[in-house]
Amino acid sequence: MKKTLREIADYVGGRVVGDENIVISGLENIEGAGEHDLTFAVEPHIEEAKSTRAAAVMLPEGVEDFPRPALYVAEPRAAFASLLALFTPKLVFSKGVSSEAHIGKDVKLGKDVTILPFACVDDHAVIGDRVTLYPGVYVGQYGEVDEDTVIYSNATVREHCRVGKRCIIHSSAVIGSDGFGFTTKDGVHTKVPQVGNVVLEDDVEIGAHDGIDRAAMGSTVIGHGTKIDNLVHIGHNCKIGPNCLIVAQTGISGSTQVGHNVTFGGQVGTVGHINIGANSVYAARSGIIGDMPEGVFCAGFPVQSHTEWLRMQAAMKHLPELRKEVKRLTKELAKLQAAKE
Amino acid sequence: MKKTLREIADYVGGRVVGDENIVISGLENIEGAGEHDLTFAVEPHIEEAKSTRAAAVMLPEGVEDFPRPALYVAEPRAAFASLLALFTPKLVFSKGVSSEAHIGKDVKLGKDVTILPFACVDDHAVIGDRVTLYPGVYVGQYGEVDEDTVIYSNATVREHCRVGKRCIIHSSAVIGSDGFGFTTKDGVHTKVPQVGNVVLEDDVEIGAHDGIDRAAMGSTVIGHGTKIDNLVHIGHNCKIGPNCLIVAQTGISGSTQVGHNVTFGGQVGTVGHINIGANSVYAARSGIIGDMPEGVFCAGFPVQSHTEWLRMQAAMKHLPELRKEVKRLTKELAKLQAAKE
Amino acid sequence: MKKTLREIADYVGGRVVGDENIVISGLENIEGAGEHDLTFAVEPHIEEAKSTRAAAVMLPEGVEDFPRPALYVAEPRAAFASLLALFTPKLVFSKGVSSEAHIGKDVKLGKDVTILPFACVDDHAVIGDRVTLYPGVYVGQYGEVDEDTVIYSNATVREHCRVGKRCIIHSSAVIGSDGFGFTTKDGVHTKVPQVGNVVLEDDVEIGAHDGIDRAAMGSTVIGHGTKIDNLVHIGHNCKIGPNCLIVAQTGISGSTQVGHNVTFGGQVGTVGHINIGANSVYAARSGIIGDMPEGVFCAGFPVQSHTEWLRMQAAMKHLPELRKEVKRLTKELAKLQAAKE
């Protein structure tokens, strides 16, 4: 897709200052834009936009002396959004069940589903209205996917698992793999059957390569509105509350309970069988090794308050010099003591 | 599935104390149970079960004054297991090769295999008796999967790799991706061909999204009975001993050798080309940077004995106050010295 | 594949010293070799090879008094490489598009492509000459895969994403999953549409289970020649420079820019929206929390120079005894002060 700045100005109803024959081939944010891109800026980013590499910048009326080709519009953000639609062709899928998909026995299919080639809905599964299953998706026996949910390519929902309404499951995510449970005798590990399931409540988003293990018995639950980034591990029997944010590569060990509106930064880890209170934030890399109260902001491993963690980190940087100073003090004190005797 | 407590009592041969018309719709452990679930308790968990939210609790005969609806049986654990079978419909698969699966040239198929739609067994592969391949599984050319192994949806066993008897490979796991090997000249990286394979010995379990890299040459080996949790990385040419437990998100770098019965907690990392002795436990987040003896219990990064790590962690918490105290000592000592002069 | 040492010697044109009837069933490196393997050694590894468990060792002419069965050749490395080809049957794929693959509407296919069963190329996608798509690969609508690229089983290239020439994408990798972007109001998270794409430049290698998120708008870019190991997360709008090496389980948060020839060891993490200068090395587990200059060698979390990190680690080990010494000093000083009064 290529358009001149003039053509774009006509499309969004704007005014060009500078060369209107510049050819635009993409749309980007200020820092990412290259020499053939259009970007946009509103306060407080207009100063930053003066040094963008973009070919031109879409600006609100009233910005003066802008040093680069500019396209003035009333509402840059809205105009830019409409251009995104122009530059990004919409996806169109044939509604219905592809003749190359597999639908098992006794499957209930809702209205207006989109089931693409090589998706496999196994026996006794229930697929709600307007659900989209991309190629390679597997929904196991007795699995349920509720209305308006989208499951991307090669994701798995294992048998008996239940996915709520308006969920998004990204490619290659696995819902309902076996929990990691063994009994050990004489050094040999015997599998504990994992006969529970996973329940994703409504409006949950599951990242690419997330693994949400099924419960040993009962359910592993992800609360409504919780959003999970890529490569996250949720152990068996966890109960994650509603509206949490779990950033990439975090691991929550089995049977841990998390309250609502908890944010885990990236690469956090927790032990199992603990309670983590609601309304809290755990910084990236936190390692949580016991029950935690509500309403905290924590960091570190083992986790502590973020303020204490900052103080400890600061102190650690001074550790080598601290050691030197203590050695000096030891010597000086010995001298004083010797002099006294 | 819904049953009254009375119906369940009849099924397991038990005795109800309390309202026998309570409707039970699920089975759960003590802490996870909700108001429509049945749970069970044996010592030492009976006290804990008194405050469960479960609708009723299955108990051994002899427990008195239990404050909630109870179902008394001789063997609660066994009775509960039989109920799990009742509440969880069994999976039934058509034996044989689905007409929607792909079987390549010169493939050897054992007896009573179950190969589901969109599974692909490539040329010259060997599939043992009673193997189950879920939808989307790919077994590459010359790959071998031995008897009674189950491979879940969208997992990959690349060419020349060998999977033992009674293994379980969870969804989206990858056995035999290329090792990460490059030679660098003038800043440009050239791939070193990875012509080896992966060998999983018998009774190995591989978690969802595990990546077990093929050897540059020879074999990456996972020893018999070793169980690996989700999202684990095993580098090329590693030799992991038998009966190890490797918890989620751990990474073992290339050419590392691990003895038998080693447990790695979650998010552990190791450097490559080291030997890690048998019968050891590494706590979560351990970072192992050199050879390790047998029979140790370690933690931390760089790894140290668990006891030392605990001591160091305790000391670190006192670091800010330690720094203050040293500053005070410096001042006081200077005063003493000044007074002396 | 089994050959006697004599047969192998004939094949590579070499000379056996020791039992030429030894049967060789595999090829391995020195440390990994078992009793039926052949290995090879050149300086400086010949001493090490004396204690290999291999059945025989391929050596350059001129090595004397070698204590194990040996096969002397002019160029052991080259001879060993030719044996690898002999012992590892080559993969042969039928050229063309499998009748079991799905090719959407308006797809452009190059010459000599290999598209295997259950691969799905969605509408409007462009597949270059000599591209190989393994079973279960999904290329989304308007996706582009340039010539000589290989995409392994069950990997995904989502809509509008572009993959360069000679790239390798390993099994189950996901190119173009949605970035993790939400606006939060009253504790409820609303998805920010992720309408950008991912661009992999030429000669990029993407590991198994890597997740490269699409940009919110514009492109997430992986520069030419960059090689990424398994289970790596790259957030939306990142720009990774050319010829980087990113080792397993590393996570780069969104909108971070990385210069050329940067190496990240395993399990590294970075915050988002930072600039990381070129020609640098970050040791395993580094946690990068701000802009970084070019040409550094760093470690630790928060990251610091590798030298400082080593010094700090050393000091930390002495922390418990340091605390004891400070306690002693406090006491001694108090005594001195008391004596003085």
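Residues numbered from 1 in each chain as written. Chains lettered and ligands numbered in written order. Predicted model: local features only at pLDDT ≥ 70, side-chain atom pairs only at ≥ 80, totals over all residues. Heavy atoms only, no water.

Chain A is annotated in an unreviewed UniProt entry as UDP-3-O-acylglucosamine N-acyltransferase from Selenomonas bovis. Under the UniProt heading Catalytic activity (unreviewed entry), the note attached to chain A is "a UDP-3-O-[(3R)-3-hydroxyacyl]-alpha-D-glucosamine + a (3R)-hydroxyacyl-[ACP] = a UDP-2-N,3-O-bis[(3R)-3-hydroxyacyl]-alpha-D-glucosamine + holo-[ACP] + H(+)". Taken directly from UniProt, the Subunit (unreviewed entry) text for chain A runs: "Homotrimer." (UniProt positions renumbered as here; feature names shortened; annotations may be inferred.)

Scanning chain A from N- to C-terminus turns up 5 helices and 40 strands. By the compact-globule yardstick of 20 Å for 341 residues, chain A is too spread out, its C-alpha radius of gyration being 28 Å. Projected onto the principal axes, the alpha-carbon positions of chain A cover approximately 95 × 70 × 30 Å. A burial count over chain A gives 60% of its 341 residues as buried. (Helix = DSSP H or I, 4+ residues; strand = E, 2+ residues; numbered from the N terminus. Rg over C-alpha atoms; globule rule 2.2 N^0.38 Å. Buried < 20%, exposed > 50% of the residue type's maximum accessible area, 1.4 Å probe, protein only.)

All names here are of chain A. In space, the 5 strands of this open sheet follow the order 2-7-6-5-4, with mixed pairing throughout. Looking along the sheet, the strands with just one partner apiece sit at the ends: strand 2 (15–17) and strand 4 (26–27). Helix 1 (residues 5–12) rests against strand 2, strand 5 (37–40), strand 6 (56–60) and strand 7 (70–73) of the sheet, and its axis sits at about 5° to strand 7. (Pairing = 2+ DSSP bridges. Contact = heavy atoms within 4.5 Å. Axes fitted to C-alpha atoms, helices over the stretch in contact; angles between N-to-C directions.)

Tallying the contact residues gives 72 residues for chain A and 61 residues for chain B. In terms of surface lost to chain B, no three residues of chain A exceed Phe180, His189 and Met217 of chain A, which account for 14% of the buried area on that side. In this assembly, chain A and chain B are joined by 2 salt bridges. Linking Lys239 of chain A and Glu28 of chain B is a salt bridge whose minimum nitrogen-to-oxygen distance equals 2.9 Å. Inspection of the region where chain A meets chain B yields 26 residue pairs in polar contact (both at pLDDT 80 or more). Of all the secondary structure elements, the ones that give two or more residues to the side of chain A that touches chain B are strand 21 (174–177), strand 23 (188–191), strand 26 (211–213), helix 4 (306–317) and helix 5 (319–340) of chain A. (Buried area = accessible area lost by both parts, 1.4 Å probe. Salt bridge = Lys/Arg side-chain N within 4 Å of Asp/Glu carboxyl O. Polar contact = N/O pair within 3.5 Å; in protein donor to acceptor, adjacent residues only side chain to side chain.)

Here we come to the pairing of strand 5 (residues 37–40) of chain C. Residues and elements named next belong to chain C. Where burial is concerned, the two faces of strand 5 agree: the one with Asp37 and Thr39 and the one with Leu38 and Phe40 are both buried. Direction of pairing for strand 4 (residues 26–27) relative to strand 5: parallel, over a ladder of 2 bridges. Bridge assignment links Gly26 to a residue of strand 5, and that residue is Asp37. Two elements, strand 5 and strand 6 (residues 56–60), share 3 bridges in a ladder whose sense is parallel.

Here we take up the pairing of strand 22 (residues 182–185) of chain A. Relative to strand 23 of chain A, strand 22 of chain A runs antiparallel, the two sharing 4 bridges. Among the inter-strand pairings, Thr184 of chain A is bridged to a residue of strand 23 of chain A, identified as His189 of chain A.

Attention shifts here to the relation of the copies chain C and chain A. Least-squares fitting of chain C to chain A yields an RMSD of 0.2 Å, with the transformation described by 0.0 Å of translation along the axis and a rotation of 120°. The transformation just described matches what one would write down for a three-fold rotation axis. (Least-squares fit on C-alpha atoms with pLDDT ≥ 70 in both.)

Once that is clear, we can look at helix 5 (residues 319–340) of chain B. In a regular helix each residue adds 1.5 Å, so 22 residues correspond to 32 Å; helix 5 of chain B covers 31 Å between its end C-alpha atoms and thus fits that length. Residues Leu319, Pro320, Leu322, Glu325, Val326, Leu329, Glu332, Leu333 and Leu336 of chain B constitute the buried set of helix 5 of chain B. If you follow the buried residues of helix 5 of chain B, they end up packed against helix 4 and helix 5 of chain A, helix 4 (306–317) of chain B together with helix 5 (319–340) of chain C. (Expected span 1.5 Å × (residues − 1).)

In this section: the UniProt feature "coiled-coil region" (unreviewed entry) in chain A. Per the UniProt record, "coiled-coil region" (unreviewed entry) is annotated on residues 312–339 of chain A. The annotated region residues 312–339 of chain A carries 96% helix and 0% strand content, and the separation between its end C-alpha atoms amounts to 37 Å.

We now examine unusual backbone geometry. Following Phe301 of chain B, the chain continues into Pro302 of chain B via a peptide bond in cis, with omega recorded as -5°. For Pro302 of chain B, the location among the structural elements is in the loop between strand 39 (297–299) and strand 40 (304–305). In this structure, Gln267 of chain B is a non-glycine residue whose phi angle is positive, near 60°. The class for Gln267 of chain B is buried, based on a relative accessible area of 12%. Positive phi outside glycine occurs at Tyr142 of chain C, with the angle close to 65°. In this structure, Tyr142 of chain C sits in the loop between strand 15 (138–139) and strand 16 (144–145). With a relative accessible area of 24%, Tyr142 of chain C lands in the partly exposed category.

All names here are of chain C. Relative to the helices and strands, Ser280 resides in the loop between strand 36 (275–276) and strand 37 (281–282). Under the relative-accessibility criterion, Ser280 is labelled buried at 1%. Separated by 11 residues in sequence, Ser280 and Asp291 place their C-alpha atoms 13 Å apart. Apart from residues lying up to four places away in sequence, Ser280 is in contact with Asn261, Val262, Thr263, Pro293, Glu294, Gly295 and Val296. Within the structure, the side chain of Ser280 is placed 3.0 Å from the backbone nitrogen of Val296, a separation counted as a polar contact.

On to the interface of chain C and chain A. Between chain C and chain A, the residue contacts involve 72 residues of the former and 61 residues of the latter. Regarding the contact of chain C and chain A, the summed buried area is about 5,200 Å², with carbon and sulfur atoms giving 63% of it. The three residues of chain C that bury the most area against chain A are Phe180, His189 and Met217 of chain C, which together make up 14% of that side's buried surface. Linking chain C with chain A are 2 salt bridges. Across the chain C-chain A interface, the total number found is 25 residue pairs in polar contact (both at pLDDT 80 or more). Among the elements of the structure, strand 21 (174–177), strand 23 (188–191), strand 26 (211–213), helix 4 (306–317) and helix 5 of chain C are those that each provide at least two residues to the side of chain C that touches chain A. Among the elements that line the side of chain C that touches chain A, the one with the most residues is helix 5 of chain C, at 10 residues. Here the residues of the side of chain C that touches chain A are counted per class, giving 30 nonpolar, 27 polar and 15 charged. (Nonpolar A, V, L, I, M, F, W, Y, C, P; charged D, E, K, R; others polar.)

Let us look at the packing of helix 4 of chain A against helix 5 of chain B. Across the interface, helix 4 of chain A lies against helix 5 of chain B with an axial gap of 8 Å and an inter-helix angle of 50°. Relative to helix 5 of chain B, helix 4 of chain A is oriented oblique. Judged by the sense of rotation from one axis to the other, the crossing of helix 4 of chain A with helix 5 of chain B is left-handed. Judged by residue contacts, Arg311, Met312, Ala314, Ala315 and Met316 of chain A of helix 4 of chain A engage Leu319, Pro320 and Arg323 of chain B from helix 5 of chain B. (Parallel < 35°, antiparallel > 145°, perpendicular 65-115°, else oblique. Left-handed = near helix turned anticlockwise from the far one by under 90°.)

To continue, consider the UniProt feature "active site" (unreviewed entry) in chain A. Residues and elements named next belong to chain A. Those places that UniProt annotates as "active site" (unreviewed entry) correspond, in this numbering, to His236. Inspection of the secondary structure assignment puts His236 in the loop between strand 29 (233–234) and strand 30 (239–240). Its relative accessible area of 16% is what places His236 among the buried residues. Beyond its immediate chain neighbours, meaning those up to four positions away, His236 contacts Gly179, Phe180, Gly181, Gln194, Asp213, Arg214, Ala215, Ala216, Thr220, Gly254 and Ser255.

Here we come to the environment of Ser171 of chain A. Relative to the elements of secondary structure, Ser171 of chain A occurs in the loop between strand 20 (168–169) and strand 21. In this structure Ser171 of chain A comes out as buried when scored by relative accessible area, which is 1%. Ignoring sequence-local partners within four residues, the contact set of Ser171 of chain A consists of Tyr152, Ser153, Ala208 and His209 of chain A together with Thr156, Arg158 and Val174 of chain C.

Its location among the elements puts His160 of chain C in the loop between strand 18 (156–157) and strand 19 (162–163). The exposure class assigned to His160 of chain C is buried, which follows from its relative accessible area of 13%.

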